Amino acid sequence: MTGNRTFTMIKPRAVAENHTGAIIQIIEDAGFKVISLKKTQLSSALAGKFYEVHKDRPFYEELCGFMSSGPIVPMILEKENAVADFRTLIGATDPAKADEGTIRKLFATSVGENAIHGSDSDENAQIEAAFFFSEFERF
Ligand code: DAT
Ligand code: MG
């Protein structure tokens, strides 16, 4: 992935509430191409590995519990300036601070259950995509 791809996952509550289709529509309407997509569920241990950078934060256990509580929809997305443009599309981590029209403003219920993930750098996009998708799936 060379600057034009990012990684996202729709989080358990948004999937459980049947917002997957609406969220993907917003993503496609914003000009992103879905490169890879699946529905899967993390164990708490795998959620912990994905969010290892936050392991010393007070919300880490809650985060691992929530992220393993039901199916998620991870995706690799492609667009020019993908990482930054996607962070703009999803909005602030805390939905109360997210701009109108952003995915988190529309679908998040709290900072902990904030509907969707978006990679924060090209390097992390690459690492996170490889966490969920084999090389064969990241064509
Ligand atoms: P982002 O997902 O916007 O990159 P982050 O990397 O700081 O935000 O945190 C990762 C996830 O951890 C976030 O999507 C939800 C959860 N989280 C962050 N801050 C939190 C808090 N203060 N209370 C509960 N959960 C939090
Ligand atoms: Mg982050």
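Residues numbered from 1 in each chain as written. Chains lettered and ligands numbered in written order. Predicted model: local features only at pLDDT ≥ 70, side-chain atom pairs only at ≥ 80, totals over all residues. Heavy atoms only, no water.

Q: What is the right way to look at the environment of Thr20 in this model?
A: Relative to the helices and strands, Thr20 resides in helix H2 (residues 20-29). Taking the C-alpha atoms as reference, Thr20 lies 7.8 Å from Val73; in sequence the two are 53 residues apart. (Helix = DSSP H or I, 4+ residues; strand = E, 2+ residues; numbered from the N terminus.)

Q: Even after reading the chapter, I still don't get the environment of Arg13, so can you show me in this structure?
A: Within the secondary structure, Arg13 is located in helix H1 (residues 12-16). Sequence separation between Arg13 and Gln126 is 113 residues; the distance between their C-alpha atoms is 25 Å. What Arg13 contacts, discounting residues up to four positions off in sequence, is Phe66, Thr109 and Glu113. (Contact = heavy atoms within 4.5 Å.)

Q: Where do I start with the packing of aromatic side chains in this structure?
A: All chains considered together, the criterion is met by seven aromatic pairs. For the pair Phe7 and Phe132, a centre-to-centre distance of 5.3 Å together with 10 degrees between the ring planes defines the contact as stacked. Of this pair, Phe7 sits in strand S1 (residues 5-10) while Phe132 sits in helix H7 (residues 122-132), and the two are 125 residues apart along the sequence. For the pair Phe7 and Phe132, one class covers both residues: buried. Here the aromatic residues Phe7, Phe50, Tyr51, Phe131 and Phe132 are joined through ring pairs into a cluster of three or more. Across from the ring centre of Phe32, 5.5 Å away, lies the NZ or CZ of Lys79, which sits over that ring. (Phe/Tyr/Trp six-rings, centres within 6.5 Å; stacked < 30°, edge-to-face > 60°. Buried < 20%, exposed > 50% of the residue type's maximum accessible area, 1.4 Å probe, protein only. Lys NZ or Arg CZ within 6 Å of the ring centre and 35° of its normal.)

Q: Looking at this model, I keep getting lost on the pairing of S1. Mind explaining?
A: Walk down a regular strand and you will see the side chains alternate between the two sheet faces. With six of its six residues buried, S1 lies for the most part within the structure. The alternating pattern of S1 places Arg5, Phe7 and Met9 on one face and Thr6, Thr8 and Ile10 on the opposite face, and all of these are buried. Direction of pairing for S1 relative to strand S3 (residues 73-78): antiparallel, over a ladder of six bridges. If you follow Thr8 over to S3, its bridge partner there is Met75. In the sheet, S1 pairs with strand S4 (residues 116-118) via three bridges, with the strands oriented antiparallel. Note on S4: the bridge partner recorded for Met9 is His117. (Pairing = 2+ DSSP bridges.)

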